[in-house]
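# Structural overview
One-letter residues, chain by chain:
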Amino acid sequence: MLNNYKYSFTEGSGRLIFVPTLSSRSLGRKLHRDILRRWSPPDYFYHFKEGGHVAAARVHLTSGIFVRLDLHRFYDSITRSKVHRALRDIKFRQKDAWHISCQSTVSKNKIGGPFSLPFGFVQSPVLSSLVLSSSALGKTLSILYVSGIKLSVYMDDIIMSGDNSSSLAAAMLALENAARTAGFQFNISKSFGPAPALEAFNLDLSHRTLVVSASRMANFAAAMITGNSITRNGILGYVGTVNIHQRAELASL
């Protein structure tokens, strides 16, 4: 039995978190560096870029039509065999790739399988991104990006945009077909568009407008009133990266 985590727990949102052992954490940090020395994430993978999810939304501001797709149970879909295959694709040796794939996955039902990436491991974000990029879904994303569709990926969220609804609908269908081929599926309840506006990452996006959603702004307003100076400055700093007028609104509280 692998000893790659100390214990697991379920956080308030219902997500199962695995706390890695010290040796597993060390492996994760080394693996993250090693993968990024061998593989360059696509330019539209915004979780590797400065600005993160805000930048992933802001890149679409000049568009008029938007699509959002959300990968369902993304980490659960990144199986041990997928990790092994993706590592082999970037020239890890067979033995090393298998060892890494075993050490980087867990059985979430605790009865010996199936094994997949856990939340909580250092290497999970880079491994999931590598697997996604090398899959049929990742290859279709690349084709769409080269074709001129504006595209941003932030972990399990995909946003596409342009000015032609039919082109975006066709792109959406192409991604749905590629996802099935790759062993992924999209969350129907969180997928949206083509439409002239959408919400993603608690941000409302439309043509030349990006604002923090009303519900998140209400939470921020409450925290501004009750929080200390560190909390207030953190909120103002974040909101200022999204919309300067909303920042001013909060600063007045």
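Residues numbered from 1 in each chain as written. Predicted model: local features only at pLDDT ≥ 70, side-chain atom pairs only at ≥ 80, totals over all residues. Heavy atoms only, no water.

We now examine the overall build of the protein. Along the protein, the regular secondary structure elements total eleven helices and eleven strands. Since a compact globule built from 253 residues should have a radius of gyration of about 18 Å, the 20 Å found for the protein is in line with a globular shape. Projected onto the principal axes, the alpha-carbon positions of the protein cover approximately 55 × 50 × 35 Å. Each of the 253 residues in the protein was classed as buried or not, and the buried ones make up 45%. Here the contacts in the protein between residues at least 6 apart in sequence split such that 65% fall between residues at least 24 apart. Separation of charge centres in the protein, based on 29 positive and 15 negative side chains, amounts to 9 Å. (Helix = DSSP H or I, 4+ residues; strand = E, 2+ residues; numbered from the N terminus. Rg over C-alpha atoms; globule rule 2.2 N^0.38 Å. Buried < 20%, exposed > 50% of the residue type's maximum accessible area, 1.4 Å probe, protein only. Contact = heavy atoms within 4.5 Å. Lys, Arg positive; Asp, Glu negative; His and termini not counted. Charge placed at Lys NZ, Arg CZ, Asp CG, Glu CD.)

Let's shift gears to the environment of Pro125. Relative to the helices and strands, Pro125 is located in helix H6 (residues 124-134). When its relative accessible area of 32% is taken as the criterion, Pro125 is described as partly exposed. Separated by 50 residues in sequence, Pro125 and Tyr75 have C-alpha atoms that sit 8.9 Å apart. What Pro125 contacts, discounting residues up to four positions off in sequence, is Tyr75 and Met155.

Empty space within the largest pocket amounts to approximately 880 Å³. Looking at the largest pocket, it is lined by 27 residues, and the ones nearest its centre are Arg15, Arg73, Phe74, Phe119 and Asp156. Elements with a contribution of two residues or more to the lining of the largest pocket: strand S2 (16-20), strand S3 (65-70), helix H3 (74-77) and strand S5 (115-116). When residues in the lining of the largest pocket are grouped by element, the largest group, three residues, is from H3. In the lining of the largest pocket, the residues fall into ten nonpolar, seven polar and ten charged. (1 Å grid on protein atoms, 1.4 Å probe; cavity = no way out; pocket = protein on both sides within 12 Å on 5 of 7 lines; lining within 4 Å. Points joined across faces, edges and corners; volume = space filled by probe spheres on them. Nonpolar A, V, L, I, M, F, W, Y, C, P; charged D, E, K, R; others polar.)

What follows concerns the packing of aromatic side chains. According to the stated counting rule, one finds ten aromatic pairs in the structure shown. On the numbers, 6.0 Å between centres and 80° between planes, the contact of Trp39 with Phe48 is edge-to-face. The exposure class of Trp39 is buried, given its relative accessible area of 10%. Seen from their ring centres, Tyr154 and Phe201 are 5.6 Å apart, and the 75° between their planes marks the pair as edge-to-face. Of this pair, Tyr154 sits in strand S6 (residues 150-154) while Phe201 sits in the loop between strand S9 (197-200) and strand S10 (203-206); the two residues are 47 residues apart in sequence, bridging distant segments of the chain. Taking the relative accessible area as the measure of exposure, Tyr154 reaches 25% and is therefore partly exposed. Three or more aromatic residues link up through ring pairs in this structure, and these residues are Phe74, Tyr75, Phe119 and Phe184. Directly above the aromatic system of Phe92 lies the positively charged group of Arg38, at a separation of 4.0 Å from the ring centroid. Arg80 extends its terminal NZ or CZ atom over the ring of Phe115, reaching a point 3.9 Å from the ring centre. (Phe/Tyr/Trp six-rings, centres within 6.5 Å; stacked < 30°, edge-to-face > 60°. Lys NZ or Arg CZ within 6 Å of the ring centre and 35° of its normal.)

Turning our attention to the nonpolar core. Ile35, Leu87, Leu137, Ile158, Met160, Leu175 and Phe184 are the most contacted members of the largest nonpolar core, which has 66 residues in total. In terms of residues, this core owes the most to one element, helix H8 (residues 165-182), which gives seven residues. (Core = buried A, V, L, I, M, F, W, Y, C linked by side-chain atoms within 4.5 Å.)

This part covers the packing of helix H4 (residues 80-89) against H6. Between H4 and H6, the shortest axis-to-axis distance is 9 Å and the interhelical angle comes to 75°. Judged on the interaxial angle alone, H6 and H4 are roughly perpendicular. Contacts between H4 and H6 pair Lys82, Val83, Ala86, Leu87 and Asp89 from the former with Leu127, Leu130, Val131 and Ser134 from the latter. Here the residues of the contact of H4 with H6 are counted per class, giving six nonpolar, one polar and two charged. (Axes fitted to C-alpha atoms, helices over the stretch in contact; angles between N-to-C directions. Parallel < 35°, antiparallel > 145°, perpendicular 65-115°, else oblique.)

For the α-helix, the turn length of 3.6 residues means that residues three or four positions removed from each other point alike. Residues Arg80, Lys82, Val83, His84, Ala86 and Leu87 constitute the buried set of H4. Tucked inside the fold, the buried residues of H4 contact helix H1 (22-38), H3, helix H5 (94-103), S5, H6 and H8. In the segment just after H4, Lys91 is the residue with positive phi, at about 75°.

To continue, consider the sheet that holds strand S8 (residues 192-195). What the four strands build is an open sheet, ordered S6-S7-S3-S8; its pairing is antiparallel. Taken across any chain shown, the strands that pair with only one partner, and hence form the sheet edges, are S6 and S8. Between one strand and the next, the sheet's axes are offset by a mean angle of 15°, whatever the strand orientation. (Pairing = 2+ DSSP bridges.)

Before going further, it helps to spend a moment on the pairing of strand S1 (residues 5-10). Looking along a regular strand, one sees the side chains alternate between the two faces of the sheet. Bridge analysis of S1 against S2 gives five bridges, and the strand direction is antiparallel. Residue pairing for S2: Tyr5 is matched across the bridge by Pro20. Linking two consecutive strands that pair antiparallel, namely S1 and S2, is a turn of five residues; a positive phi of about 95° is found at Gly14 within it.

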